[in-house]
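Read off the chains here:
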Amino acid sequence: MPCLNEADTLATCIKKARVGLERAGVRGEVLVADNGSTDGSVEIAEKAGARVAHVKEKGYGMALRGGIKAAEGKWIIMGDADDSYDFSEIGGFVERFREGYDLVMGCRLPGGGGKIMPKAMPVSHRWVGNPMFTMMARHMFSSPIHDVYCGLRGFSKEFYKGLDLRCQGMEFATEMIIKASLNGARITEVPITLHRDGRLAHAPHLKTVRDGWRTLRFFLILSPRWLFLIPGIIAVLLGMAGYAVALPGVKIGQVTFDAHTLLFSSLAILLGFQSVVFAIFAKTFAINEGILPGDPQLKRFYKVVYLERGLLAGAAGLLGGVALLAVVVAQWWRGGFGHLDYPHTMRWVSPGMRRTALGCERILSSFCVSILGMKKPR
């Protein structure tokens, strides 16, 4: 149980946890990971028979890290010490452990069979934040869960060590779900009831806007596909569509697609290509640093696209762009360096500029991704 000034509810939680261990028929301990309490929580925990692990580094994630490290059991169940979870009903978690599951999540939401008591969860969390982030986790990371924010969950200590979690704050809990899903872990849910917490001395530690943003930011950071790749591909496709109508000067009713459309389309293609390159950079770095698991698709990509091919493609694009720009300079020279037919020349300048820029980016990105791919032998 991570703890920061939970004197109002800590003794009750410890008592329920002891009952839960007895009902489940397992030997275990109740461990309180104290994160610097000043309200007597440590004394209350020790008096109630719990073991206290003192965690100096601040943060929800750090408290959990310290508690998990200090735990001596094979299986670990973590949950908040505010009496919102009924630790006396942990038997369902133990049953799932015995069935061989790696991560057992509690589910408070009706979609997973859970129940939320009146005033136990803020309206914005129940109907907006939690469903939204749960849906994102299911679609972005194929997480088979219905309650991404549930703090009551269980796992084996061996499985936890293999996840190599990095977060120190409240993102720790979501990082566990994401990495477990990406690594193909066996995940299941146990329906639970969320009760109104029993705190009297202070408000909940969770801050809706701040922690909601931190969750969204973390989801995007761990998904280069959704952060960079998909938006980049969309931008490139839009740019190509713009070229398709602007180069021949298509008119639709009173709307004419001309030189300005070419400029906007060139911008979309350049930004889109750069976003796709960022996706490759981010994915390569994250895999080599152990932040994300290996990706078979990326391996196949590197078998087809490697440094020398990237350099050749970049050089070809660069030369093609320079050739197009040279045509415009030649036209300018033949006209005595005077006024040019703007709509006509832009049909040469825009593709030339785009091909030149993309050629340079291909060359530079080919070297950069080769550097990122040089991982240290283990």
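Below is a short write-up of the structure. Only a predicted model underlies this, so the values are computations on that prediction, with no experimental measurement involved.

## With respect to the overall build of the protein
Here is step 1 of the chain: For the protein, the helix and strand inventory stands at 13 helices and 11 strands.
Here is step 2 of the chain: Taken against the 2.2 N^0.38 rule, which gives 21 Å for 378 residues, the C-alpha radius of gyration of the protein at 28 Å runs more than 25% over that of a compact globule.
Here is step 3 of the chain: Expressed along its principal axes, the backbone C-alpha trace of the protein runs to roughly 95 × 55 × 40 Å.
Here is step 4 of the chain: Burial analysis of the protein (378 residues in total) assigns 44% to the buried set.
Here is step 5 of the chain: Contacts in the protein between residues far apart in sequence, at least 24 positions, make up 72% of those at least 6 positions apart.
Here is step 6 of the chain: For the protein, the exposed surface amounts to about 20,200 Å²; the carbon and sulfur share of it is 63%.
Here is step 7 of the chain: One way to put it: in the protein the 46 positive side-chain charges average out to a point 7 Å from where the 32 negative ones average out.

## A short note on the sheet that holds strand β8 (residues 187-191)
Whether parallel or antiparallel, the strands of a sheet pair through hydrogen bonds between backbone atoms.
Here is step 1 of the chain: The 4 strands are arranged β4-β7-β5-β8 in an open sheet whose pairing can be described as mixed. Looking at strand neighbours, the two that pair on one side only are β4 (75-78) and β8, the edges of this open sheet. If you compare each strand with its neighbour and ignore which way they point, the axes differ by 20° on average.
Here is step 2 of the chain: Here helix α4 (residues 91-98) sits on the sheet in contact with β4, β5 (103-107), β7 (153-156) and β8, set at roughly 145° to β4.

## Concerning unusual backbone geometry
Here is step 1 of the chain: A positive phi angle, close to 55°, is found at S142, a residue other than glycine.
Here is step 2 of the chain: Within the fold, S142 resides in the loop between α5 (123-141) and β7.
Here is step 3 of the chain: The class of S142 is exposed, set by a relative accessible area of 58%.
Here is step 4 of the chain: A positive phi is found at D164, a non-glycine position, where the angle reads about 50°.
Here is step 5 of the chain: Judged by its relative accessible area of 36%, D164 falls in the partly exposed class.

Each value, and the rule that gives it
Residues numbered from 1 in each chain as written. Predicted model: local features only at pLDDT ≥ 70, side-chain atom pairs only at ≥ 80, totals over all residues. Heavy atoms only, no water. Helix = DSSP H or I, 4+ residues; strand = E, 2+ residues; numbered from the N terminus. Rg over C-alpha atoms; globule rule 2.2 N^0.38 Å. Buried < 20%, exposed > 50% of the residue type's maximum accessible area, 1.4 Å probe, protein only. Contact = heavy atoms within 4.5 Å. Areas by Shrake-Rupley, 256 points an atom, 1.4 Å probe, with all protein chains shown as cover. Lys, Arg positive; Asp, Glu negative; His and termini not counted. Charge placed at Lys NZ, Arg CZ, Asp CG, Glu CD. Pairing = 2+ DSSP bridges. Axes fitted to C-alpha atoms, helices over the stretch in contact; angles between N-to-C directions.

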